[in-house]
Amino acid sequence: MAKGVFHTGYEIEINLTRQDLGHPDRPDLLLEITQPVDQRPRDLLQCLKDREGQGRCQCALADKTPWMFIRRQRVGGKVVWTAAHLPITHTATPVESEKHKAMKERIARIASVHGLDVQTEARSADGRVVTDVLVTGAGASVGWEAQYSPISAGTVWRRSARARENQIRPLWVTADDSSAVIDRAPWARVDNVPWQRIASPLAMIIRGGVRHLQIWKCTPASERPCPRTGQACGKWHYGWFVPALCLPQERATSLDELIVTSADGEHAALRVRDSEDPKRISHLWALKSDAHRWYELHGKANTVSEADLDDEEQVTYTDEELDTSCRYGERGFYTSSPRPRRGTSAVTGLYTLDAAPDRLRLPSRPVQLRLSEQQRRTIAAELRCPPWEVGPCSLCAQPIHRYGPNSPLVCNACRTSASAS
């Protein structure tokens, strides 16, 4: 990042650490330089080191240009203005173009087969939104964007916001787990396969972007360890898990299935705030039943915020002397690193409750009880029932006499907890 930049239009140096940017006679300067790049000349802002000819800037060796853009960034707990290099304009390679074309054709084909309304290269009424494939069903109009080439976070935000303004639910599909579309808009990640595989009728599994709600009581008998302490805490936890980490394991969703269910309303797009880091927002697709349950547990207030960085948070100005150095590629605090993986399997939106949630409504799928034959016989003797009638409490997984005539679905402790809540 850089703390200063050169304005090629006015031929002035701008100090981003000062509230007046070093030019009190230009009150609208900040508004001008923070415009989106597609709304102002790309070469408006230049790297000071490159401008002053202090040697070739390292950015030129890393597929970057001397042209820059201004962004808000959190540094040391404070929000400041910084300047960053623009990448060299990316032209999709032939391989990326073929994959993009094949994905668009697949989405349109599957939607048509299932009787949904389909438009390719659909333009909105105001002309501001052009969607790769617009799929409309009983539940929503979903704007699919096949993203196989690099894209900036700002572009994802702006295009998604414009889609929503036109009553279109954006859905970005990518094969890159470091793509900027992940968790900046509704998204889905598939395997990076050749275009021939995309165009084929073979199934493509969603590897990221679809999650299932898991609710469990944290007891010594729980299959899942306590996510807070590692030891049973006796409380209730709930959060969003990828299918493979659900207990019991959920079936993975295919791309073709999501094409249909996202338009019909069987899958809903949610935005979930992290309980430990309120600035972190996760976007996910969830089954309608899970989404409804989430709203009952948590309300919609925690699911509607989109800001990755609160626009109302005040920028801090440190009033430093203008620093003309460019720290791109330097070792130490300013070291630049490759794009990190954004699509992870870690639990999202994890919360803890002291009491049983919502009057003991049972989960959509029961928990499993894993016992050896000897353990099952021992427990059956204690419960005074046949071994085959031993089963798990639907909420805390404790072994109970579950499958006999008039047997309960939950243990006495869970029933008492629910009655008291």
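Preceding this paragraph is the structure being described.
Residues numbered from 1 in each chain as written. Predicted model: local features only at pLDDT ≥ 70, side-chain atom pairs only at ≥ 80, totals over all residues. Heavy atoms only, no water.

**So, the overall build of the protein**
Looking only at helices and strands, one finds nine helices and 17 strands in the protein. When the 421 residues of the protein are sorted by exposure, 43% land in the buried category. Taking as baseline every contact in the protein between residues at least 6 positions apart, the subset at least 24 positions apart corresponds to 59%. Summing over all exposed atoms, the protein offers an accessible surface of approximately 21,800 Å²; the carbon and sulfur share of this is 50%. (Helix = DSSP H or I, 4+ residues; strand = E, 2+ residues; numbered from the N terminus. Buried < 20%, exposed > 50% of the residue type's maximum accessible area, 1.4 Å probe, protein only. Contact = heavy atoms within 4.5 Å. Areas by Shrake-Rupley, 256 points an atom, 1.4 Å probe, with all protein chains shown as cover.)

**Describing the packing of aromatic side chains**
Applying the stated criterion to the full structure yields five aromatic pairs. With 5.8 Å between their ring centres and 70° between their planes, Y238 and W294 make a pair best called edge-to-face. One end of the pair, Y238, is in strand 12 (residues 236-241); the other, W294, is in helix 7 (residues 288-298), and 56 residues separate them in sequence. Each member of the pair, Y238 as well as W294, is classed as buried. Centroid distance W294 to Y351: 6.2 Å. Interplanar angle 65°. Geometry classified as edge-to-face. Taken together, the residues W294 in helix 7 and Y351 in strand 15 (residues 348-353) connect sequence positions 57 residues apart. When its relative accessible area of 0% is taken as the criterion, W294 is described as buried. Here the aromatic residues Y238, W240, W294 and Y351 are joined through ring pairs into a cluster of three or more. (Phe/Tyr/Trp six-rings, centres within 6.5 Å; stacked < 30°, edge-to-face > 60°.)

**Thoughts on the sheet that holds strand 9 (residues 169-174)**
Within the open sheet, the five strands sit side by side as 6-7-8-9-10. Their pairing is mixed. Across the chains shown, the open sheet's two edge strands, defined by having one partner strand only, are strand 6 (117-123) and strand 10 (187-189). Pairwise comparison of adjacent strand axes, ignoring direction, gives a mean angle of 25° for this sheet. Sitting on the sheet, helix 4 (residues 153-165) touches strand 8 (141-147) and strand 9, and the angle it makes with strand 9 is about 145°. (Pairing = 2+ DSSP bridges. Axes fitted to C-alpha atoms, helices over the stretch in contact; angles between N-to-C directions.)

**Structural notes on helix 3 (residues 94-113)**
Spacing of three or four residues puts side chains on the same side of an α-helix, whose turn is 3.6 residues. Here helix 3 is 20 residues long and its end C-alpha atoms lie 28 Å apart, about the 28 Å a rise of 1.5 Å per residue gives. Of the positions making up helix 3, those classed as buried are E96, K99, A102, M103, K104, R106, I107, A108, I110 and A111. In the core, the buried residues of helix 3 are packed alongside strand 6, strand 7 (130-136), strand 8, strand 9, helix 5 (195-199) and helix 6 (255-264). G115 lies just past helix 3 and shows a positive phi near 80°. (Expected span 1.5 Å × (residues − 1).)

**A closer look at unusual backbone geometry**
Residue P248 is reached from L247 by a cis peptide bond, and omega for that bond is -5°. Tracing the chain through its elements places P248 in the loop between strand 12 and helix 6. Unlike most non-glycine residues, E11 shows phi in positive territory, near 55°. Note that E11 resides in the loop between strand 1 (4-7) and strand 2 (12-15). Positive phi is not limited to glycine here, since L21 has a value of about 60°. Looking at where L21 falls in the secondary structure, it is placed in the loop between strand 2 and helix 1 (29-33).

**Topic: the side chain of Q214**
You can see Q214 is positioned in strand 11 (residues 212-217). Exposure remark for Q214: the relative accessible area of 9% places this residue in the buried category. At 2.9 Å, the side chain of Q214 forms a polar contact with the side chain of R224. A distance of 2.8 Å separates a polar side-chain atom of Q214 from the backbone nitrogen of L247. (Polar contact = N/O pair within 3.5 Å; in protein donor to acceptor, adjacent residues only side chain to side chain.)

**Comments concerning the pairing of strand 9**
When you tally the buried positions in strand 9, you get five out of six residues, the bulk of the element. As paired elements, strand 8 and strand 9 share six bridges and run parallel to each other. From the neighbouring strand, E145 faces strand 9, where its bridge partner is W172. For the handedness criterion, the β-α-β arrangement of strand 8, helix 4 and strand 9 is classed as right-handed. Pairing geometry for strand 9 and strand 10, over three bridges, is parallel. The partner of T174 across the bridge, within strand 10, is R189. (Right-handed = clockwise from strand over helix to strand, strands pointing away.)

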